[in-house]
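Examining the three-dimensional arrangement
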Amino acid sequence: MENSGFDRVAVQLPLYRDKLLELPALIKEQICDIRLKIGQPVTLFGREGPMFLRDSGSIARSLGPGLVIVNQSALQEVFLHICGHSVFSHENEIRQGYVQMPGGVRAGLCGTAVLEKGRVRGMRDISSLVFRVPRDVPGCADRLFRSGIDPARGLLLAGEPGSGKTTLLREIARVLSVGQFTPCRRVAVLDSRGELGSGFDLGPCADVLQGFPKERAFGMALRTLSPEVIVCDELSPQDLGSVRQSAYAGVGLVATVHGGRDHAASRPLCRKLLQTGGFAYFATLRGRDSPCRLQRVEALG
């Protein structure tokens, strides 16, 4: 697994950048996210559990003295940096709990909601930042294609957070676009949060609609891009109408949904999505310990 995703996150953290970039490759390649919380050490979560950054630039496996502690001013400095010192320009993202940066890097935010007539209008008193490490894992979809599955007929991927849904989805889009196992397909990638196409090469036949709400992006793709396949991340109940619209238009849909590997099919949302007729296959991922690895693939009637 490549380490460039880790380095993309590290360069967004100027106060801790040098220490993070100097970590061993074996540490970098397993990290899923980097967490900054006021009053707590810089924490890296990976397959082997939490690790803590030391003042010396090494890693500790447990809490103790000599760790890099995040204070309020440091967190504020990092927050302003990832916003490009223009919080207003990221207002819509912050309202949804994240900030998007170049290269597919996203930071989740924790703080106090600013409410107006019962609706979230923003966030104040930022208390922690969670940076997801974007991964590019060429070949992670090869086994799926070689098994005779054609995702272009419609594939719904279910997995828990950190199970590699977005990484696998991105690789499926690239393989379809370059025609690695099948003829090249025209792929429309609906990248509402900048995690699928930003900073990644998806090949000559993949067009990316970035930053558009999914409902609008579905309509735009169907009307203007002439796609054979639509690829999008993290479907929600609000997307059921768009999924049906794609199925009625004869366009294949490859998408992800949250769900544990043993109970995903029983989730009401999964059942409703599979009943739309938009998917020929339903697959579950193994989980955080085996990112991008499929647990089961089911052909639907």
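The structure this text deals with has already been given above.
Residues numbered from 1 in each chain as written. Predicted model: local features only at pLDDT ≥ 70, side-chain atom pairs only at ≥ 80, totals over all residues. Heavy atoms only, no water.

1. Topic: the sheet that holds strand S4 (residues 59–60)
Across the sheet, which stays open at both edges, the seven strands sit in the order S4-S3-S2-S1-S7-S6-S5 with antiparallel pairing between neighbours. Only two strands of the sheet have a single partner each, and these edge strands are S4 and strand S5 (98–101). In terms of strand pairing, S5 meets strand S6 (residues 105–116) through four bridges, oriented antiparallel. Its bridge partner lying in S6, Tyr98 is registered against Gly108. Helix H4 (residues 72–82) contacts strand S1 (31–37), S5, S6 and strand S7 (119–132) of the sheet and is inclined by roughly 105° relative to S7. (Pairing = 2+ DSSP bridges. Helix = DSSP H or I, 4+ residues; strand = E, 2+ residues; numbered from the N terminus. Contact = heavy atoms within 4.5 Å. Axes fitted to C-alpha atoms, helices over the stretch in contact; angles between N-to-C directions.)

2. Structural notes on the pattern of salt bridges
Evaluation of the coordinates by the stated rule reveals 14 salt bridges. A salt bridge links Arg47 to Glu29, with the nearest nitrogen and oxygen atoms 2.8 Å apart. Here the residue Arg47 occupies a position in the loop between strand S2 (43–46) and strand S3 (49–53), and Glu29 occupies one in the loop between helix H3 (25–28) and S1, the gap between them amounting to 18 residues. A residue is classified by how much of its surface remains accessible, and Arg47, at 36% relative accessible area, is partly exposed. Under the relative-accessibility criterion, Glu29 is labelled buried at 18%. Note that Arg61 and Glu48 form a salt bridge whose closest N and O atoms lie 2.7 Å from each other. Of this pair, Arg61 sits in the loop between S4 and H4 while Glu48 sits in the loop between S2 and S3; the two residues are 13 residues apart in sequence, bridging distant segments of the chain. (Salt bridge = Lys/Arg side-chain N within 4 Å of Asp/Glu carboxyl O. Buried < 20%, exposed > 50% of the residue type's maximum accessible area, 1.4 Å probe, protein only.)

3. Focus: the packing of aromatic side chains
On inspection of all chains with the given rule, the structure shows one aromatic pair. Consider the rings of Phe145 and Phe181, whose centres lie 5.5 Å apart with planes at 10°: the pair is stacked. Separated by 36 residues along the polypeptide, Phe145 in helix H6 (residues 142–146) and Phe181 in the loop between helix H7 (165–178) and strand S9 (187–191) bring together distant segments of the chain. Classification of Phe145 by relative accessible area gives buried; the value is 7%. Given the relative accessible area of 31%, Phe181 is considered partly exposed. (Phe/Tyr/Trp six-rings, centres within 6.5 Å; stacked < 30°, edge-to-face > 60°.)

4. What to know about a positive patch on the surface
Where like charges cluster on the molecular surface, the positive patch consists of Arg143, Arg261, Arg286 and Arg293. With relative accessibility at 37%, the residue Arg261 sits in the partly exposed group. (Patch = residues over 30% accessible without salt bridge, like charges linked within 9 Å, V, L, I, M, F, W, Y side chains within 5 Å. Areas by Shrake-Rupley, 256 points an atom, 1.4 Å probe, with all protein chains shown as cover. Lys, Arg positive; Asp, Glu negative; His and termini not counted. Charge placed at Lys NZ, Arg CZ, Asp CG, Glu CD.)

5. Some details on the side chain of Arg185
Here Arg185 lies in the loop between H7 and S9. Not counting the four nearest positions on each side in its chain, Arg185 is found in contact with Asp150, Ala152, Leu176, Ser177, Cys205, Glu228 and Val229.

6. What about the environment of Leu300?
Here Leu300 shows up in the segment after strand S14 (294–299). Measuring from C-alpha to C-alpha, the distance between Leu300 and Gly277 comes to 9.4 Å, with 23 residues separating the pair along the chain. Discounting chain neighbours no more than four positions away, the residues touching Leu300 are Leu274, Phe279, Ala280, Tyr281 and Phe282.

7. Topic: the nonpolar core
Proteins that are soluble and globular tend to have nonpolar side chains buried together. In terms of nonpolar packing, the biggest core is built from 34 residues, with Tyr16, Leu20, Ile34 and Phe131 touching the most fellow members. Elements supplying a minimum of two residues to this core: helix H1 (4–10), S1, S3, H4, S5, S6 and S7. No other element matches H4, which puts five residues into this core. Setting aside residues no more than four positions away along its own chain, Ile34 makes contact with Phe6, Val9, Leu13, Leu20, Val42, Thr43, Leu44, Leu129, Val130 and Phe131. In this structure, Ile149, Leu196, Leu202 and Val229 belong to the second largest nonpolar core, which totals 28 residues. (Core = buried A, V, L, I, M, F, W, Y, C linked by side-chain atoms within 4.5 Å.)

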